[in-house]
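The residues making up each chain are set out below.
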Amino acid sequence: FLETTAYFCMKPKMGEKEVSPHSFFSIWHEFSSDFKDFWKKENKLILQERVKEAEEVCRQKKGKSLYNIRPKHDSGIVSKICSNS
């Protein structure tokens, strides 16, 4: 515990000789809960961006036809029979 507090450069409060676990972990709890909230918000934004990108790709694919429709030509048997009559 003392090595951890020294690593984070925590100094004891006025009138105390050492950093108490309560003071260290109260600060650590605030930091970790803030970090968790920001993490969730950032992940939500990333997910929204990916959904928008996927929707755009779908719109582009729907705009482009996967097959070509050619106009009907009168070259079949029915057209030959009808034209002879």
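Parameters and conventions
- Residues numbered from 1 in each chain as written.
- Predicted model: local features only at pLDDT ≥ 70, side-chain atom pairs only at ≥ 80, totals over all residues.
- Heavy atoms only, no water.
- pLDDT = per-residue confidence, 0-100.
- Helix = DSSP H or I, 4+ residues; strand = E, 2+ residues; numbered from the N terminus.
- Salt bridge = Lys/Arg side-chain N within 4 Å of Asp/Glu carboxyl O.
- Buried < 20%, exposed > 50% of the residue type's maximum accessible area, 1.4 Å probe, protein only.
- Phe/Tyr/Trp six-rings, centres within 6.5 Å; stacked < 30°, edge-to-face > 60°.

Engineer: Before we go on, may I ask you to explain the confidence of the model for the chain in this structure?
Structural biologist: The predicted coordinates ought not to be read in detail in places where the model reports low pLDDT. For the chain, the average pLDDT comes to 83, and 79% of its residues sit at 70 or higher. Within the chain, the lowest mean pLDDT, 66, falls on helix H3 (residues 77-84), and the highest, 92, falls on helix H2 (residues 21-63).

Engineer: What is the right way to read the pattern of salt bridges from this model?
Structural biologist: Opposite charge on two side chains makes pairing possible when the charged atoms of those side chains draw close. Taken as a whole and assessed by the stated rule, the structure comprises 2 salt bridges. Measuring nitrogen to oxygen at the nearest pair gives 3.9 Å for the salt bridge that ties Glu-55 to Arg-59. In this pair, Glu-55 and Arg-59 are both assigned in helix H2, 4 residues apart and thus about one turn of the helix distant. Judged by its relative accessible area of 39%, Glu-55 is partly exposed. With a relative accessible area of 52%, Arg-59 lands in the exposed category. Each of Glu-55, Glu-56 and Arg-59 takes part in one network of salt bridges that share partners.

Engineer: For this particular structure, what's the right way to read the packing of aromatic side chains?
Structural biologist: Centre distance and the angle of the planes are the two values used to describe a pair of aromatic rings. Counted by the stated rule, this structure contains 10 aromatic pairs. Look at Phe-8 and Trp-28: their rings are 5.7 Å apart centre to centre, the planes differ by 55 degrees, and that puts the pair in the tilted class. Of this pair, Phe-8 sits in the loop between helix H1 (2-7) and H2 while Trp-28 is found in helix H2, placing the two residues 20 residues apart along the sequence. The class for Phe-8 is partly exposed, based on a relative accessible area of 41%. Centre to centre, the rings of Trp-28 and Phe-31 are 5.5 Å apart; their planes meet at 45 degrees, and the pair counts as tilted. With Trp-28 and Phe-31 both in helix H2 and 3 residues apart, this pair spans about one turn of that helix. On the accessibility criterion, Phe-31 (46% relative accessible area) is partly exposed. Ring pairing ties together the aromatic residues Phe-1, Tyr-7, Phe-8, Phe-24, Phe-25, Trp-28, Phe-31, Phe-35 and Trp-39, which thus form one cluster.

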